[in-house]
Amino acid sequence: MTALSSSMIYHWLEDVKDPEIPVLSLVDLGVITEVNVEGSDVKIVMTPTFVGCPALDLMKSGITEVLKSKGVEKVDIEVSYRKPWHSDLISDKGRQALKQFGLAPPPSGELFTDLDVLEHVPCPRCNGTDTELKNAFGPTLCRSIHYCNTCHEAFEQFKPL
Amino acid sequence: MNALAIKELLYKIADDQLIIGHRNSEWTGFGPLLEEDIAFSSMAQDKVGQSQALYTILHSMGEQDPDTIAFTRNAAQFHNCIFVELPNGEYDFSLIRHFLYDTAVAFRFEMLSASSFQPLAELSNKIRGELKYHTLHANTWVKQLGSATEESIARLQQSLVYAMPYALGMFEPSAFEQELIADGVFEGEAALREQWIKRIEAIIAQTSLRLPDLRTITAIQGGRVGKHSEHLQPLLDEMSEVFRIDPTAEW
């Protein structure tokens, strides 16, 4: 086996998806905040999108499973709030994946100075902004519910934070 | 830094979040409309998750693991304020409590994000962002229903008057108040109360509701030192019912 590198680990972690949004990898979601390699041991630092995210344990076991299958002997995962997650950590690739999945990506942090930006979230289907916020809370902690007056359909947004 | 003082602070914040989270979860399936059902259930999940993260800090300071802390203590060992353990009642009371409690807790975590106790500062910085959604929800409905019909205004007003002595109990000072302030861990209950009053006054002023004269109200305290109402133990019995059947079960 060739020597491990952190870029190799990041590449492999592309295979671990968010259990609630199976098109989005943990790397693109931005929850992996540090990867340290020491010989054949790997230490991952990760942080949840929302503190109460129930998918965290599944994410951790997904990471361990994938890295072990690649021959990593010891995987140590630390959950930390030192570098807290915020929605700007979602990569461009991740934002595209969310949109294709039918979830409106969050607006960038610069725009998100006021919760009013939730009122006219662009619809992931038609891109129109004639939309309304129906509920700041949705089926998972990280989603809100909106309605598009053009498509006459409800849609969800990955919430800005 | 005084570890005992920090632990006491962590216990009261975490217990507040766990108990109000449990009360919020009791709206699941019973909300006055589907959207509210989802909102209260979602806030419950946030709050219970946040309490778990706070209990995890306590665990790293030598306390029991989070599940043991949450599910095996009796009422006298809980440090939450009495306000959060009161039954949900009608939606008007739940909404007023949500508004009064979340306004306070949002300020609390904002203050704590500058704490000299690093693990708490980091977690609080994270939690305060999440709580923006909770205060947005509370403010939206208080403003709408507080200026809507005669009935909605009268109901909210009645709940506001009933809730206020309990709400003031949120700021029951700790025995370690001075140490916490001197060590830069927490600015203290009095400072929090002051910010809270300004904020709720500003929101209430945008409605047809009237804030009772706070100088004439005596705060209902005791929760911080384990003196609770008769409502807490039944809540704990229900919350821990499944855990007690098999404490070693894997989920």
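Residues numbered from 1 in each chain as written. Chains lettered and ligands numbered in written order. Predicted model: local features only at pLDDT ≥ 70, side-chain atom pairs only at ≥ 80, totals over all residues. Heavy atoms only, no water.

Novice: Help me understand the UniProt feature "domain: PaaD zinc beta ribbon" (unreviewed entry) in chain A in this model?
Specialist: UniProt's entry tags residues 118-159 of chain A with the feature "domain: PaaD zinc beta ribbon" (unreviewed entry), counted in the numbering of this structure. Between the C-alpha atoms that bound residues 118-159 of chain A there is a distance of 9 Å. The span itself is 0% helix and 40% strand. (UniProt positions renumbered as here; feature names shortened; annotations may be inferred. Helix = DSSP H or I, 4+ residues; strand = E, 2+ residues; numbered from the N terminus.)

Novice: I would appreciate a short explanation of the UniProt feature "domain: MIP18 family-like" (unreviewed entry) in chain A in the present structure.
Specialist: Following the UniProt record, the feature "domain: MIP18 family-like" (unreviewed entry) maps to residues 8-77 of chain A here. Between the C-alpha atoms that bound residues 8-77 of chain A the distance is 17 Å, and the span itself is 34% helix and 34% strand.

Novice: Explanation requested: unusual backbone geometry in the structure shown.
Specialist: Across residues other than glycine, the phi torsion is negative in most instances, and most of the peptide bonds are trans. Residues and elements named next belong to chain A. Even without a glycine there, the phi angle at Asn-127 is positive, about 65°. Assignment of secondary structure puts Asn-127 in the loop between β6 (103-104) and β7 (131-135). Judged by its relative accessible area of 46%, Asn-127 falls in the partly exposed class. The phi angle at His-152 is positive, at roughly 55°, despite the residue not being glycine. Considering the arrangement of structural elements, one finds His-152 in the loop between β8 (143-148) and β9 (153-158). (Buried < 20%, exposed > 50% of the residue type's maximum accessible area, 1.4 Å probe, protein only.)

Novice: When you look at the packing of helix α7 (residues 150-168) of chain B against helix α9 (residues 189-204) of chain B in this model, what are you seeing that I'm missing?
Specialist: The description of two packed helices rests on the angle between their axes and on the distance between the axes. All names here are of chain B. α9 packs onto α7 with a crossing angle of 165° between their chain directions and a minimal axis gap of 13 Å. Comparing the axis directions of α7 and α9 gives the class roughly antiparallel. Of the two elements, α7 crosses α9, and the hand of that crossing is right-handed. Every residue of α9 that contacts α7 at Leu-160, Met-164, Ala-167 and Leu-168 is listed here: Arg-193, Trp-196, Ile-200 and Ile-204. Class assignment of the residues belonging to the contact of α7 with α9 gives a composition of seven nonpolar, no polar and one charged. (Axes fitted to C-alpha atoms, helices over the stretch in contact; angles between N-to-C directions. Parallel < 35°, antiparallel > 145°, perpendicular 65-115°, else oblique. Left-handed = near helix turned anticlockwise from the far one by under 90°. Contact = heavy atoms within 4.5 Å. Nonpolar A, V, L, I, M, F, W, Y, C, P; charged D, E, K, R; others polar.)

Novice: Help me understand the domain arrangement of chain A in this model?
Specialist: The accessible area lost on association of the parts is a frequent measure of interface size. All names here are of chain A. Splitting chain A by domain gives domain 1 (6-85) and domain 2 (101-158). Inter-centroid distance (C-alpha atoms) of domain 1 to domain 2 is 28 Å. Taken together, the ten residues of domain 1 in the interface contact seven residues of domain 2. Between domain 1 and domain 2 lies a buried interface of about 680 Å² when both sides are counted; carbon and sulfur atoms form 83% of it. (Domains from an automatic or database assignment. Buried area = accessible area lost by both parts, 1.4 Å probe.)

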